[in-house]
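Each chain, letter by letter, is given below.
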Amino acid sequence: MSTHAETTDEPASKRIKPHQLALGLGIGIAAFTAISGIIPLITGWHNENAIHREVFGNVPGPLKVAFYTVIPVMLVWGAFQFSNRMKNWERGAPAQRRTTAKNAKKRAGDFRAGVYMQTLLRDSAAGLMHSMIYFGFLVLMGVTTILEVDHQLPEDLKFLHGRTYQAYAFIGDLAGLVFVVGIIWAIARRYVQRPYRIRIKSKPEHAVILGTFLVIGVTGFTSEMFRIALGTAAGEDMSWEKYSFIGYPLARAVDGLSTGTLQDWHQWSWIAHVVSFIVFLAILPVTMLRHMFTSPLNMYLRDKDRPKGAMKPMPNLMETELESFGASVVEDFTWKQLLDTDACTMCGRCTSVCPAHATGKPLDPREIVLKTGEVMAATGHPQVSPPLGTDAEITIGANSLFERITPDEIWACTSCKACDEICPVNIEILDKILDMRRYLSLMESNFPAELGNAYRAMENQGNPWGMNQGERGDWANDLAAVKVVDPGEPLEAEYLYWVGCAGSFDDKNKKVTQAMAKLLTRAGIDVAILGPSEMCTGDSARRSGNEYLFQMLAMPNIEMLDGMGVKKIITQCPHCFNTLMNEYPQLGGNYEVVHHTQLLEQLIDSGRLDVSQATLEERITYHDSCYLGRHNDVYVAPRKVVGSIKGIEIVEMSRNGTKGMCCGAGGARMWMEESIGVKVNDERALEAISTGATRVATACPFCYIMLDDGVKAAGKEDDQVKVADLAIHLLDAIEAGEAKMGHPDAPLNVALETPLRVPGFAGHGSTGSARPAADTIPDVPIADADADA
C-alpha cells in the first residue's frame, strides 16, 4: 500500500499508486452508469411481456436525465474522497501483506469470515442485527442491478418477466423487509437500549446514517406501493404482483385514490428514494459508513508474516543505528496500521473486554484507533474527515500521535490481546500500543518509575526480581532427579526445562516448579535445567518497549542454547513460552517449545503419567492465561489436565476462553503500581470466587501471584479458596488418591519405546508451533464479556 512498501527498480513516481487505482475504478463505474442511461434512449428496447416492471414508469424525462447525471457525479466525487483517504494510508511505513500462493487460501478464508458476518456473529444479537442490514442492503443492490441489466438488453434477451419476475419481486420485498427491520432494530439498540459501549460513542452521524438507510428502505416500499396501485387505477389486472408481498397489500390500501393523486405520490416517493440514495453516496466516504469497503479489505489483509503472539521485529540494535524507535508520528505506523483506523466500525467490542477500561484506567482500545485516525486525517494532504465526528474543541496541530494519546493510556495496557481477539474486522490495536511504548521507553525514557527498577534488575542481575543469579537453581536442592547442566556442555537430556524467573525466585512459584519436576519424574521424563546460567527471556523488557534490553538478554540466551545443541524446551511460564517460540526466531533462535500444560496433557493421554488414582472431591475453576490463550490459542490442554482428576467439579468463570479476563500482570504491568481504579486482579479474583470454587487453577506464574493476592484481598484463605498452578492441583490429586488407596509414592521411571509426541512439536507432522491451525482450535466454552450486547 505504501509507495515505499515494496522494493523495486521502477521509480516510485512511475508506479501506479493505490489511491490512483481507487480513483480510476470510481470514474470507470461512474462512466458505466452514465452510459447505461444513454443506451436505452438510443435502442428503445422494451419488454412486451404483460408480467414485468417498466423501468422509470411514471417518471418524467427530466427526472431520468437528472438521475443519470447526478448519480455518476456523486460516484466520481466519492472516488475522489476515497482516493484522498488512501493517500493517508500511503504515508505509512512498509508492511509485508502481499498475497502469495502460500497465503492466498488463508486470505480468502479471512475475507469470507468477515463478509459472511461470522466474526460479527460471535455477538449473536448485534451480529444478527448487522447481518440483516448488510445482507438486506446487498440483495437490494443486486435487485436494482438486475433490473438495470434487463433494461439494457434487446427484447429477445430480456429475462425479467413472468415467473422469473415474480420470484425476483418476492426476493426484493423479502430483502427490503429484512433491511428495514434491521435498521429499526439498530435505531432501538442505539437510542433505546443504549448499551454502554455504544452509548459512550454515539455521534450525530450515526443518526444521519440510520435515518438515511431507513428512508431508503421505506421509500422503496412506498414507491412500489404507488406503482402497483397506479396500474390498478389504470384498469390493469395487477394480481400478478401479489408476490410483492409487502408492496401489493399496501397498494390495496390506497386503491381508492385517483389516478392523478397516485401519479403525484409515486413520483414524490420515487424522488425521495433516489435523493436518499444520493445522500447515502454523499456520506459514504466521509463517515464511518466507509467501513463497508475498508473493513472487508482489512479482513482480507489479516494474515501476516509473524506468529500471532510475536511483536513486530526490529533489526539487531547492537549492530544497527536507528534515528528513532517505535511510533510517535503517523508516518511511523505501517500503511496497514493506518488502514485499521478507517476500517474501524466503532462497535466498541474492544472497549467491552478491555480489563484496564473495565477497572477505571484511562485506556480505551477503541480510542487508540480513533485518535490515531484523527491525527492522520487532520494532518493529511488534503485533510479528510476523521474516522468518527469529533468535538469542536479538539484541535490537532501536528502529526504527533501524542497530540491525542497520552502516555497514561499507553502504560495502562496489560497486552492481554482481548481487543484484537474480539475485533470483528481484525484491527491490530495491541501493535499500535506496543509501538508507542517503544518510542516512549527508548526515545523519551517516559515510563513509570517502578518499571525502571525492573529494567535495572534485568540488566544487572539477569532477572526482574533483582535476585542473585546464583540462587536460580536452589529450588531443586532437595530433588535429586533434577540435573543442573553447565552451558559449556552439550545437552544430553531429552528436554531443557526453562524454569523462568518467577519459577526460580518467587516463593509461590518455586512450589509450582517443584511440583512439575516431581510430575516429570513420575513420568520418566529426562530433563535438565540451566540453573544460574538461565537468564530472563526479556518478555517484560520487550512488552514495555525496551527493545535494547530485550535483545541484550535474548542474544546471550540464544547463543548459549545453540551452543548446547538444545532442541526441545519445556516452560511453565506462558510469557517465556511465547518469547522462546515466537520471538527468539526473529533473532535466530529456533526451538521446539512446549508449555507444561501441553506436556502434561500428552503424558496423561499416553499413560506415561498415571493419574488413575488422582482424586479431589472439590469444585475447581480454571483461569485462562492471556499469553497461553489469546496469544497462542492454547485453551483445551489445561482443561483436559484438570478434567483428568476424578471427583472434581469443573466450573467456568463467566469470562473464559477467548474472552477470559486478564489477571493484570501482562505487558510488564507485573512491575508497575496500579493506583487508578479497581485492581484488575481483585476484579478477576471476585469473579473466580463467585463460581463457588474451592480451588482456582492457573497456568502462568504471574496469574498465580495476581489471583492469589486478589483472593486473599477478598478475605479468602487457602482453606477456603486455594489458588495454585494446575501442576500443584494435579500433584495434590495424585498424592491424595495414593494416600487414600494406601499406595506409596511410586515414580514411573519407565522409558517408552517411541518418543513422546507433544502437539505442536516439529518433527511430529506439525510446523513447530504449539498453536494449532485456526480451523482446528477446539470449541472452548465462551461467555460474553459484554453484558450489554
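Fair warning: this is a prediction, and the values are worked out from it, not measured in the lab. (Residues numbered from 1 in each chain as written. Predicted model: local features only at pLDDT ≥ 70, side-chain atom pairs only at ≥ 80, totals over all residues. Heavy atoms only, no water.)

(A) Structural detail: the overall build of the chain. The helix and strand tally for the chain stands at 28 helices and nine strands. Here the C-alpha coordinates of the chain stretch approximately 100 × 60 × 50 Å along the principal axes. By the burial criterion, 55% of the 789 residues in the chain qualify as buried. In the chain, of all internal contacts separated by at least 6 residues, the share reaching a separation of at least 24 is 81%. Accessible surface for the chain amounts to roughly 32,500 Å². Of this, 58% is attributable to carbon and sulfur atoms. The chain carries 74 positive and 92 negative side-chain charges, and their two centres are separated by 3 Å. (Helix = DSSP H or I, 4+ residues; strand = E, 2+ residues; numbered from the N terminus. Buried < 20%, exposed > 50% of the residue type's maximum accessible area, 1.4 Å probe, protein only. Contact = heavy atoms within 4.5 Å. Areas by Shrake-Rupley, 256 points an atom, 1.4 Å probe, with all protein chains shown as cover. Lys, Arg positive; Asp, Glu negative; His and termini not counted. Charge placed at Lys NZ, Arg CZ, Asp CG, Glu CD.)

(B) Representation of the packing of helix 7 (residues 204-233) against helix 9 (residues 259-283) within the structure. It is at 8 Å that the axes of helix 7 and helix 9 come closest, and there the two elements cross at 155 degrees. Comparing the axis directions of helix 7 and helix 9 gives the class roughly antiparallel. Here helix 7 runs over helix 9; the crossing is left-handed. Among the residues forming the contact of helix 7 with helix 9, the class breakdown is 17 nonpolar, eleven polar and one charged. (Axes fitted to C-alpha atoms, helices over the stretch in contact; angles between N-to-C directions. Parallel < 35°, antiparallel > 145°, perpendicular 65-115°, else oblique. Left-handed = near helix turned anticlockwise from the far one by under 90°. Nonpolar A, V, L, I, M, F, W, Y, C, P; charged D, E, K, R; others polar.)

(C) Local environment of unusual backbone geometry. For the bond running from His381 to Pro382, omega is 0 degrees, close enough to zero to count as cis. Examined against the element boundaries, Pro382 turns out to sit in the loop between helix 14 (365-378) and helix 15 (407-411). Phi is positive for Met346, close to 60 degrees, though the residue is something other than glycine. Note that Met346 resides in the loop between helix 11 (335-343) and helix 12 (349-353). Judged by its relative accessible area of 5%, Met346 falls in the buried class.

(D) A look at the nonpolar core. Counting 188 residues, the largest nonpolar core has Phe213, Trp475, Tyr497, Leu520, Leu600, Leu609 and Leu730 as the members making the most contacts within it. For Leu730, the residues in contact, after removing those within four places along its chain, are Leu519, Leu600, Ile604, Leu609, Val611, Val641, Ser644 and Ile645. Among the nonpolar cores identified, the runner-up in size contains seven residues, and Val353, Ala418, Cys626 and Tyr627 belong to it. (Core = buried A, V, L, I, M, F, W, Y, C linked by side-chain atoms within 4.5 Å.)

(E) Representation of the packing of helix 1 (residues 18-43) against helix 4 (residues 124-152) in the model. Interaxial distance between helix 1 and helix 4 falls to 9 Å at its minimum, and their mutual angle equals 40 degrees. Viewed along their axes, helix 1 and helix 4 form a crossing whose handedness is left-handed. Residue-level inspection shows Ser36, Ile39 and Pro40 of helix 1 in contact with helix 4, the latter providing Glu148, His151 and Gln152. A per-class count over the contact of helix 1 with helix 4 returns two nonpolar, three polar and one charged.

(F) Region of the structure containing the pairing of strand 9 (residues 722-725). Across four bridges, strand 8 (residues 695-698) lies against strand 9 in parallel orientation. Across the sheet, Thr698 pairs through a bridge with Asp725, a residue of strand 9. Handedness of the crossover joining strand 8 and strand 9 through helix 27 (residues 701-713): right-handed. (Pairing = 2+ DSSP bridges. Right-handed = clockwise from strand over helix to strand, strands pointing away.)

(G) View of the sheet that holds strand 4 (residues 568-571). Across the sheet, five strands lie side by side as 1-3-2-4-5; this open sheet has parallel pairing. Only two strands of the sheet have a single partner each, and these edge strands are strand 1 (483-484) and strand 5 (592-595). By the bridge criterion, two bridges tie strand 2 (residues 495-498) to strand 3 (residues 527-529) in an arrangement that is parallel. Bridge pairing in strand 3 links Tyr495 to Val527.

(H) Molecular detail of helix 18 (residues 449-461). With 13 residues, helix 18 extends 18 Å from end C-alpha to end C-alpha; this agrees with the ideal 18 Å at 1.5 Å per step. All of the buried residues in helix 18 are Leu451, Gly452, Ala454, Tyr455, Ala457 and Met458. Contacts made by the buried residues of helix 18 are with helix 15, helix 17 (429-442), helix 21 (539-543) and helix 22 (547-564). (Expected span 1.5 Å × (residues − 1).)

(I) Spotlight on the sheet that holds strand 7 (residues 649-650). Pairing is parallel in the open sheet, where four strands are placed in the order 7-6-8-9. The open sheet terminates on both sides in strands that have one partner only, identified here as strand 7 and strand 9. Sheet strands touched by helix 25 (residues 636-643): strand 6 (619-622), strand 7 and strand 8. Its angle to strand 6, the strand with the most contacts, is close to 170 degrees.

(J) Region of the structure containing the pattern of salt bridges. This model, assessed by the stated rule, comprises 49 salt bridges. A salt bridge links Lys361 to Glu674, with the nearest nitrogen and oxygen atoms 2.9 Å apart. One end of the pair, Lys361, is in the loop between helix 13 (355-358) and helix 14; the other, Glu674, is in the loop between strand 7 and helix 26 (680-689), and 313 residues separate them in sequence. In terms of burial, Lys361 and Glu674 fall into one category: buried. A salt bridge links Arg619 to Glu649, with the shortest nitrogen-to-oxygen separation between them at 2.8 Å. (Salt bridge = Lys/Arg side-chain N within 4 Å of Asp/Glu carboxyl O.)

(K) Molecular detail of the state of the cysteines. Tallied over the entire structure, the rule returns zero disulfides. No disulfide involves Cys416; its sulfur sits 4.9 Å from that of Cys626, the nearest cysteine. Its relative accessible area of 6% is what places Cys416 among the buried residues. (Disulfide = S-S within 2.5 Å.)

(L) Up close: the side chain of Asn578. Looking at the secondary structure, you find Asn578 in helix 23 (residues 574-583). For Asn578, a relative accessible area of 0% puts it in the buried group. Polar contacts involving the side chain of Asn578 include one to the side chain of Asn582, which spans 2.8 Å. Apart from the residues lying within four places of it in its own chain, the contact partners of Asn578 are Gly309, Arg543, Glu583, Tyr627, His631 and Asn632. (Polar contact = N/O pair within 3.5 Å; in protein donor to acceptor, adjacent residues only side chain to side chain.)

(M) Molecular detail of a nonpolar patch on the surface. Together, Val139, Phe170, Ile171, Leu174 and Tyr243 make up a nonpolar patch on the protein surface, roughly 400 Å² of accessible area in all. When residues in the nonpolar patch are grouped by element, the largest group, three residues, is from helix 5 (residues 162-193). Topologically, Leu174 is positioned in helix 5. Classification of Leu174 as partly exposed rests on a relative accessible area of 38%. (Patch = residues over 30% accessible without salt bridge, like charges linked within 9 Å, V, L, I, M, F, W, Y side chains within 5 Å.)

(N) A look at the packing of aromatic side chains. Within the structure shown, the criterion is met by 25 aromatic pairs. Put simply, the rings of Phe137, Phe179, Phe213, Phe277 and Phe280 touch in pairs and so form one group of aromatic residues. Above the face of the Tyr300 ring, Arg107 is positioned so that its terminal group lies 5.8 Å from the ring centre. (Phe/Tyr/Trp six-rings, centres within 6.5 Å; stacked < 30°, edge-to-face > 60°. Lys NZ or Arg CZ within 6 Å of the ring centre and 35° of its normal.)

(O) Examining the side chain of Asn546 more closely. Topologically, Asn546 is positioned in the loop between helix 21 and helix 22. Residues contacting Asn546, with those up to four places away along its chain left out, are Ser441, Leu442, Tyr455 and Ala541.

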